[in-house]
Amino acid sequence: MNDIASLLPAAYKGPERIVCLTEETTEWLYLLGEERRIVGISGFTVRPRRARQEKPKVSAFTSARIGQIVALKPDLVLGFSDIQADIAAELIRAGVPTMVFNQRSVAEIFEVLGQVAALVGAQDRARALLLKYRERLAQMQQAVQARLAQGGRRPRVYFEEWDEPQISGIRWVSELVEIAGGEDCFAELGAQPMAKGRIIADPLEVVRRAPDLIIGSWCGKKFRPEQVAARAGWQDVPAVRGGQLFEIKSPEILQPGPAALTDGAEALHRIVMDWMDRHA
């Protein structure tokens, strides 16, 4: 009969074969120097670029190659959001350990990144990176406060996540708009966790809220500012009159991980601060 001690690992190593169903956990594990653990990734992964060459692509966002994932013998699959609930259920029925996060706010993104780091024993590296991210976001807020103290104002921002139907930004985007110095025109919709709760049924509601900036990030396709500007009744929107329509690539802002806290936030901040400087 085996002694109980012989059944226990000598030290915690964490999962050694991880499948990431979305991009943010892949990017985070690479940043932590733990990419050797990844055995499968989402086909939508572009960050980091090398992951596409190094790791097999086993899923989209709403679908996955369950058989291929099982064949990889993962000891952990990481997913994101209730939209991947059906994928998670199939994997669990197949006996695959599966963990799905559902972060929606900036604070929750930080929390999830900390949890993933703990799973692979990389807390020290994560702590340093997360502190750097927090400090940079705080610097943005300080720069905004300095502009406001000089008599400036926050630009009203309409962030469009999809065009047909028109969907406004998810909660972490709305919060990053505020951190970057803007005022989200549809902040109340940002609290809605599902995209259907953020549909703007009446396009003229955007006109009535008169955004100074329009920022598009159409997940999976290129933002077309000329199409937005040509919408019926939108010619008098301040952002359209002033040609203030910008794109932020969806991998930079619509994945709830390192990209949104860094490149996505930086892009928002540059756009907003440029507007504030020109309208001082």
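Everything below is about the structure printed above this text.
Residues numbered from 1 in each chain as written. Predicted model: local features only at pLDDT ≥ 70, side-chain atom pairs only at ≥ 80, totals over all residues. Heavy atoms only, no water.

Engineer: How would you explain the sheet that holds strand 3 (residues 57-59) if you had to name every residue and give the values?
Structural biologist: One open sheet holds the five strands; their spatial order is 3-2-1-4-5, and the pairing between them is parallel. In the strand order of this sheet, the two ends are held by strand 3 and strand 5 (98-101), each with one partner. Going from strand to strand, the sheet's axes swing by 25° on average, the running direction of each strand aside. (Pairing = 2+ DSSP bridges. Helix = DSSP H or I, 4+ residues; strand = E, 2+ residues; numbered from the N terminus. Axes fitted to C-alpha atoms, helices over the stretch in contact; angles between N-to-C directions.)

Engineer: Lay out the side chain of E27 with the relevant residues and their values.
Structural biologist: Inspection of the secondary structure assignment puts E27 in helix 1 (residues 23-31). Residue E27 is classed as buried on the basis of its relative accessible area, which comes to 7%. Discounting chain neighbours no more than four positions away, the residues touching E27 are R47, P48, Q255, P258 and A259. (Buried < 20%, exposed > 50% of the residue type's maximum accessible area, 1.4 Å probe, protein only. Contact = heavy atoms within 4.5 Å.)

Engineer: Any chance you could break down helix 5 (residues 106-119) for me, citing the residues and the numbers?
Structural biologist: Given a rise of 1.5 Å per residue, 14 residues ought to cover 20 Å, and the 20 Å separating the end C-alpha atoms of helix 5 matches this to within 8%. Summarising the contacts, the buried residues of helix 5 are in contact with helix 1, strand 4 (76-80), strand 5, helix 6 (123-149), helix 7 (171-180) and helix 13 (258-278). Of the residues trailing helix 5, G121 is marked for its positive phi of about 70°. (Expected span 1.5 Å × (residues − 1).)

Engineer: Could you give me a rundown of the state of the cysteines, with the residues and numbers involved?
Structural biologist: Summed over all chains, the structure comprises zero disulfides. The structure places no disulfide on C219, whose sulfur is separated from the nearest cysteine sulfur, that of C20, by 18 Å. (Disulfide = S-S within 2.5 Å.)

Engineer: Tell me about the packing of aromatic side chains, and name the residues and values.
Structural biologist: On inspection of all chains with the given rule, the structure shows six aromatic pairs. Centroid distance Y158 to W234: 6.1 Å. Interplanar angle 65°. Geometry classified as edge-to-face. Remark: W234 occurs in the loop between helix 10 (225-229) and helix 11 (238-241) and Y158 occurs in strand 6 (residues 156-163); sequence separation between them is 76 residues. Accessibility classification places Y158 together with W234 in one group, the buried group. Among the aromatic residues, those joined into a cluster by ring pairs are F61, F80 and W172. A cation over a ring is seen here: R134 above F110, with NZ or CZ 4.0 Å from the ring centre. Positioned over the ring face of W162 is K221, at 4.4 Å from the centre of the ring. (Phe/Tyr/Trp six-rings, centres within 6.5 Å; stacked < 30°, edge-to-face > 60°. Lys NZ or Arg CZ within 6 Å of the ring centre and 35° of its normal.)

Engineer: Could you give an account of the environment of T262, naming the residues involved and the relevant values?
Structural biologist: Within the secondary structure, T262 sits in helix 13. For T262 and L137, which are 125 residues apart along the polypeptide, the C-alpha to C-alpha distance reads 8.4 Å.

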